[in-house]
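The residues making up each chain are set out below.
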Amino acid sequence: MPDPILTVDDLAVAYDGAVQALRGVSLRVDTGSVVAVLGSNGAGKTTLLRAISRSLGAVGGAVTAGTIRFQGEDLARRDASWVVRAGLVQAPEGRRIFRDLTVEDNLRAGGYTVRDAVARKEAADRVFDLFPILAERRHQRGGLLSGGQQQMLAMGRALMTSPTLLLLDEPSLGLAPQLVEQIGDIIAQIHAQGTSVLLIEQNAAMGLRVADRAYVLEVGAVAAEGSSAELAATDDIRDRYLGVS
Ligand code: ATP
């Protein structure tokens, strides 16, 4: 079996010491793979991502049991700067880009930890190769981009530090079907370049299309897991998440 880049074991998370949002969640992302976490509203997908990116505290949540290991290291024992240096990066949630900064300056901000100017320029060039529309709009302010372009900029910002594991929070949210497809293709390209991806998606069709494996969360627990092909062929998944029967 390939080495896991991320392992989540028996994770439990509660908000405000009371609301149990995750119970006994276990999953693994093998190095070089794309894993999707699917589930409907309120299933706990964002909570899982917050636990991994350690942003639960800011919203009143806390890990109450379980472990999260990144490259074999227990994240609870590591500080935020280690995590970023080790290559675990989340694309800004909800397309939180800097609206008043240009596309180029947004990318520069994403690459602020990259000290070497040449490496930073190379990273920006890679992002522009992946998202040609961002190259065209490099001098435009982020706030003037369309929703899809803002999503691309959010992903581009995260890619500036050349992550080993990229966390994506519902990149298809609010996008027209054609754009969803385009974002899916871009995730496939990011994967092909060697980056592992954990993709949180409510759009199960898109998640299963780009992922090697997927987990389905229901009310805070893993209800199903398997290869994307296996899950896509499961009647229950088809009925409930893919809208086909
Ligand atoms: P969505 O797609 O709507 O974001 P989700 O699958 O990401 O759904 P979560 O946002 O993780 O689900 O929510 C899981 C549960 O935790 C829900 O019952 C939700 O109400 C609760 N929850 C989420 N954030 C908070 C918070 N900051 N404080 C209290 N409860 C919260």
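Rules used throughout
Here the residue numbers are simple positions, counted from 1 along each chain's written sequence. The predicted nature of this model means local features are confined to residues of pLDDT at least 70 and side-chain atom pairs, given and counted, to a pLDDT of 80 or more, with totals for whole chains, interfaces and linings taken over all residues. Only hydrogens and water are removed before side-chain values are computed, so all heavy atoms of the structure are retained for them. Strands are treated as partners if at least two bridges between them are detected by DSSP. Strands here are runs of E lasting at least two residues and helices are runs of H or I lasting at least four, both read from the DSSP assignment and numbered beginning at the N terminus. Inter-axis angles, ranging from 0 to 180 degrees, are taken between N-to-C directions of lines fitted to C-alpha atoms, where helices are fitted over the stretch in contact. Partly exposed describes any residue whose relative accessible area lies between the buried limit of under 20% and the exposed limit of over 50%, with all areas from a 1.4 Å probe on protein chains only and scaled to the type maximum. Nearness of a residue to a molecule or strand requires only that one of the residue's heavy atoms be within 4 Å of it. Between N or O atoms, a polar contact is any pair within 3.5 Å; within protein, one atom must be a potential hydrogen donor and the other a potential acceptor, and residues adjacent in sequence are included only when both atoms are from side chains. Throughout, the Shrake-Rupley method with a 1.4 Å probe supplies accessible areas, and for residues the shown protein chains are the sole cover considered. Left-handed describes a crossing in which the near helix is turned anticlockwise from the far one by less than a right angle; the clockwise case is right-handed. We call two residues in contact when some of their heavy atoms are within 4.5 Å. Side-chain classes follow a simple rule in which Ala, Val, Leu, Ile, Met, Phe, Trp, Tyr, Cys and Pro form the nonpolar group, Asp, Glu, Lys and Arg form the charged group, and the remainder, Gly included, forms the polar group. One less than the residue count of a helix, multiplied by 1.5 Å, gives the span that helix is expected to have.

Naming follows an unreviewed UniProt entry, where the chain appears as Branched-chain amino acid transport system ATP-binding protein of Blastococcus xanthinilyticus.

What follows concerns the sheet that holds strand β3 (residues 34–38). On the basis of which strands lie adjacent, the open sheet formed by 6 strands has the order β6-β7-β8-β3-β9-β10 and mixed pairing. Each edge of the sheet is formed by a strand with only one pairing partner; in this case those strands are β6 (88–90) and β10 (221–227). In this sheet, adjacent strand axes meet at a mean angle of 15 degrees when their direction is disregarded. The pairing of strand β9 (residues 213–218) with β10 spans 6 bridges and is antiparallel. Bridging from a neighbouring strand, Arg-213 pairs with Ser-227 of β10.

Most of β3 is tucked away, with 5 of its 5 residues classed as buried. Of the pairings in the sheet, the one linking β3 to strand β8 (residues 196–201) comprises 5 bridges and is parallel in character. Residue pairing across strands places Ala-36 opposite Leu-199, the latter belonging to β8. Taken together, the 4 bridges between β3 and β9 define a ladder with parallel strand orientation. Its bridge partner lying in β9, Leu-38 is registered against Val-216.

Taken together, 15 residues lie around the ligand, and Asn-41, Gly-42, Gly-44, Thr-46 and Thr-47 are the ones closest in. In this structure, Asn-41 approaches the ligand through a side-chain N or O atom, which is 2.6 Å from an oxygen atom. Gly-42 has a polar backbone atom sitting 2.7 Å from an oxygen atom of the ligand. About the coverage of the ligand: the protein hides 67% of its 630 Å² of free accessible area.

The next subject is the packing of helix α3 (residues 103–110) against helix α6 (residues 147–159). At a closest axis distance of 7 Å, the pairing of α3 and α6 adopts a crossing angle of 35 degrees. Once α3 is placed against α6, the crossing between them reads as right-handed. Across from Val-103, Asn-106, Leu-107 and Gly-110 in α3, the residues of α6 making contact are Leu-153, Gly-156 and Arg-157. Among the residues making up the contact of α3 with α6, the classes are represented as 3 nonpolar, 3 polar and 1 charged.

With that settled, consider helix α7 (residues 177–192). Here α7 is 16 residues long and its end C-alpha atoms lie 23 Å apart, about the 22 Å a rise of 1.5 Å per residue gives. Taken together, the buried residues of α7 touch α4 (117–130), α6, β7 (165–169), β8 and α8 (204–210). With its phi angle positive at about 105 degrees, Gly-194 sits one or two positions after the end of α7.

The sheet built from 4 strands is open, its strands ordered β2-β1-β4-β5 with antiparallel pairing. The open sheet has two edge strands with one neighbour each: β2 (19–30) and β5 (73–74). Pairing of strand β1 (residues 4–15) with strand β4 (residues 61–70) involves 8 bridges; the strand directions are antiparallel. Note on β4: the bridge partner recorded for Val-13 is Val-63.

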